[in-house]
Amino acid sequence: MPPLQLSSVASTLRAAGCVFAEDEAELILSTARTPEEAVGMVDRRVAGLPLEQVLGWAEFHGLRVTVAPGVFVPRRRTEFLVEQALALGRNASLVVDLCCGSGAVGAALAAGLRGPEVHAADIDPAAVRCARRNLAAYGGRVHEGDLFDALPEDLRGRVDILAANVPYVPTDQVALLPSEARDHEPLVALDGGPDGLDVLRRVTAEAPRWLAPGGLLLVETSERQVALAVEAFGQGGLDVRLAVSAELYANVLIGTRRQGSSQPRKSRTIASKAPGSSLPG
Ligand SMILES: C[S@@+](CC[C@H](N)C(=O)[O-])C[C@H]1O[C@@H](n2cnc3c(N)ncnc32)[C@H](O)[C@@H]1O
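The shown structure was predicted, so the numbers you read here are calculated from the model rather than taken from an experiment.

Visitor: I'm lost on the site of the ligand in this one. Help?
Guide: Near the ligand lie 19 residues; those nearest to it are Cys99, Asp122, Asp146, Leu147 and Asn165. Measuring from a nitrogen atom of the ligand, one finds a backbone N or O atom of Ile123 at 3.2 Å. Coverage of the ligand by the protein amounts to 96% of the 600 Å² it exposes when considered alone. Among the residues forming the shell around the ligand, the class breakdown is 11 nonpolar, 4 polar and 4 charged.

Next up, the structure:
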């Protein structure tokens, strides 16, 4: 089979509704190893799969991260969570990427820190397999299971950075997501329960027992959920601050376990400005 032409791939993609058809055509043609593979990729994109699942990779915080079919595509806005973690936890030696999906967050943290021990966990076996590929270069260990149940017991009380980009779409809004997400990413990666905060609440409730003194819990949320999410951090016994990136449309809550505390207690909300961020209102 002769190589596909950029212009014909671009017009096929444009006809299928791809807004950035030229760029996508270039990415497909530079990723496919054979014309046959390129045809298959174009077909899958025309059928509506997310571009990253078609390519088999996504760019995330300067890394090329493997994205397997059926695994949540790491979003650019989540790079803000990574930046917050790197700015505030630069001396971290033990990192956990909980609800890791592809493991993009864990890989970006491993790449940005000085050789930390990295663990990641997810309930979805496809995500676990994908994360193992992305974290292998950093010696990362990926565990399968429900939130903290998946982690080795000896991590308790030692985690310096606990990144948890949990599912946070309210159940009744999943149907409103773009088809790429709704039809090609697993429901377990999207649906956060009635108000979107079910998984977040479970994480904040248990995080203090896993964080090292001064350790950080970082969770992404939507602007609308911030007040309830802050409450959940408080109930978990964590001091919390909000970091916002208007550019990436990202809201990250950063919880801190106070020195000497391992049990939930009443929290304070700290209204200080996180590095590289602005606080709303
Ligand atoms: C929004 S995706 C985020 C994936 C990844 N952290 C990222 O930012 O690209 C949420 C992930 O949480 C996982 N997940 C959902 N519920 C879970 C649970 N109870 N325990 C562990 N993982 C869970 C899903 O399988 C999915 O991979």
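And the narrative resumes.
Visitor: Is there a simple way to think about the layout of surface pockets in this case?
Guide: It is a probe the size of a water molecule, rolled over the atoms, that shows where empty space is left. Considering only enclosed or pocket space, the second largest pocket measures out at about 150 Å³ in volume. Along the wall of the second largest pocket there are 13 residues; nearest its centre are Leu88, Gly89, Asp160, Gly214 and Leu216. Residue assignment for the lining of the second largest pocket shows that the elements contributing at least two residues are strand 6 (159-164), strand 7 (211-221) and strand 9 (250-256). It is strand 7 that contributes the most residues to the lining of the second largest pocket, 3 residues altogether. Among the residues making up the lining of the second largest pocket, the classes are represented as 5 nonpolar, 5 polar and 3 charged.

Visitor: Sorry if this is basic, but what is going on with the side chain of Asn134 here?
Guide: Within the fold, Asn134 resides in helix 7 (residues 125-135). Its relative accessible area of 10% is what places Asn134 among the buried residues. Ignoring anything within four residues of it in the chain, the contact list for Asn134 reads Val65, Thr66, Ser102 and Ala107.

Visitor: Looking at this model, I keep getting lost on the pattern of salt bridges. Mind explaining?
Guide: Between side chains of opposite charge, a pair can form as their charged atoms come close. On inspection of all chains with the given rule, the structure shows 12 salt bridges. Glu37 is the salt-bridge partner of Arg33, the closest N and O atoms lying 2.8 Å from each other. We classify Arg33 as exposed; its relative accessible area is 71%. Of the charged contacts, one joins Glu185 and Arg75 as a salt bridge, the two residues approaching to 2.8 Å between their closest N and O atoms. With Glu185 in the loop between helix 8 (179-184) and helix 9 (198-206) and Arg75 in the loop between strand 2 (63-66) and helix 5 (78-88), this residue pair connects regions lying 110 residues apart in the sequence. Connected via shared salt-bridge partners are Glu24, Arg45 and Glu180.

Reading guide: rules and limits
- Residues numbered from 1 in each chain as written.
- Predicted model: local features only at pLDDT ≥ 70, side-chain atom pairs only at ≥ 80, totals over all residues.
- Heavy atoms only, no water.
- Near = heavy atom within 4 Å.
- Polar contact = N/O pair within 3.5 Å; in protein donor to acceptor, adjacent residues only side chain to side chain.
- Areas by Shrake-Rupley, 256 points an atom, 1.4 Å probe, with all protein chains shown as cover.
- Nonpolar A, V, L, I, M, F, W, Y, C, P; charged D, E, K, R; others polar.
- 1 Å grid on protein atoms, 1.4 Å probe; cavity = no way out; pocket = protein on both sides within 12 Å on 5 of 7 lines; lining within 4 Å.
- Points joined across faces, edges and corners; volume = space filled by probe spheres on them.
- Helix = DSSP H or I, 4+ residues; strand = E, 2+ residues; numbered from the N terminus.
- Buried < 20%, exposed > 50% of the residue type's maximum accessible area, 1.4 Å probe, protein only.
- Contact = heavy atoms within 4.5 Å.
- Salt bridge = Lys/Arg side-chain N within 4 Å of Asp/Glu carboxyl O.

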